[in-house]
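The chain contents come next:
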Amino acid sequence: MAKSFPVLSSLSFFIMIRLVLTSAAGPRQWWPPHGPVKVKCPFRKVDLSWFSGTVNPCPGLYQPICGTNLITYENPCILCVESMKSRGKIRFKHDGKC
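Residues numbered from 1 in each chain as written. Predicted model: local features only at pLDDT ≥ 70, side-chain atom pairs only at ≥ 80, totals over all residues. Heavy atoms only, no water.

J.: Can you break down the pattern of salt bridges residue by residue, with the values?
T.: Scanning the model with the defined rule gives 2 salt bridges in all. We note a salt bridge from Arg 87 to Asp 47, for which the minimum N-O separation is 3.3 Å. Of this pair, Arg 87 sits in the loop between α2 (76-85) and β5 (92-95) while Asp 47 sits in the loop between β2 (39-40) and β3 (65-67), placing them 40 residues apart in sequence. Relative accessible area serves as the criterion here: at 57%, Arg 87 is assigned to the exposed category. The partner of Glu 82 in a salt bridge is Lys 85, and the shortest N-O contact between them spans 3.3 Å. In this pair, Glu 82 and Lys 85 both sit in helix α2, 3 residues apart, roughly one turn of the helix. (Salt bridge = Lys/Arg side-chain N within 4 Å of Asp/Glu carboxyl O. Helix = DSSP H or I, 4+ residues; strand = E, 2+ residues; numbered from the N terminus. Buried < 20%, exposed > 50% of the residue type's maximum accessible area, 1.4 Å probe, protein only.)

Listed below in structure tokens is the structure:
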């Protein structure tokens, strides 16, 4: 019994952490809700505010999407990166151009 205590306590610790993380995350939203490409953007968990460059993670894909800053992005992937760079201040507003 003494040998199994550390294993059981470690297992219960990881189960508790997993439950806390999944309950704190809240419902995830697809950006945009309709369309050929959808992105689950982890803007609350990933902080890219230190990144000042531009990036195109979906090259060759044109699916205009409007952000809450009233800028039209080429596709949901680029909007997601910008959202992470702004720490979630920029989010999905609607499909299409602004």
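J.: Explain the sheet that holds strand β4 (residues 72-73) to me, using residue names and the numbers behind them.
T.: Reading across from one edge, β4-β3-β5 is the order of the 3 strands in this open sheet, with antiparallel pairing throughout. The sheet terminates laterally at β4 and β5, the two strands that pair on one side only. As paired elements, β3 and β4 share 2 bridges and run antiparallel to each other. Within the sheet, the bridge partner assigned to Ile 65 lies in β4 and is Tyr 73. (Pairing = 2+ DSSP bridges.)

J.: Hey, could you go over the environment of Pro 32 for me, with residue numbers and the actual values?
T.: Structurally, Pro 32 can be placed in the loop between β1 (30-31) and β2. On the accessibility criterion, Pro 32 (1% relative accessible area) is buried. Spatially, the C-alpha atoms of Pro 32 and Asp 95 are 6.4 Å apart, while their sequence positions differ by 63 residues. Contact partners of Pro 32, with chain neighbours within four places excluded, come to Val 37, Lys 38, Gln 63, Ile 65, Pro 76, Phe 92 and Asp 95. (Contact = heavy atoms within 4.5 Å.)

J.: Outline the nonpolar core, supporting the account with residue identities and numerical values.
T.: In globular proteins that are soluble, nonpolar side chains generally tend to be buried together. Of all hydrophobic cores here, the largest spans 15 residues; its most connected members are Cys 41, Tyr 73, Leu 79 and Met 84. With 6 residues, α2 is the single largest residue contributor to this core. Setting aside residues up to four positions removed in sequence, Met 84 forms contacts with Cys 41, Pro 42, Phe 43, Val 46, Asp 47, Leu 48 and Ser 49. (Core = buried A, V, L, I, M, F, W, Y, C linked by side-chain atoms within 4.5 Å.)

J.: How would you sum up the packing of aromatic side chains? Please name residues and give values.
T.: Applying the stated criterion to the full structure yields 1 aromatic pair. With 5.8 Å between their ring centres and 80 degrees between their planes, Trp 50 and Phe 51 make a pair best called edge-to-face. Exposure remark for Phe 51: the relative accessible area of 29% places this residue in the partly exposed category. (Phe/Tyr/Trp six-rings, centres within 6.5 Å; stacked < 30°, edge-to-face > 60°.)

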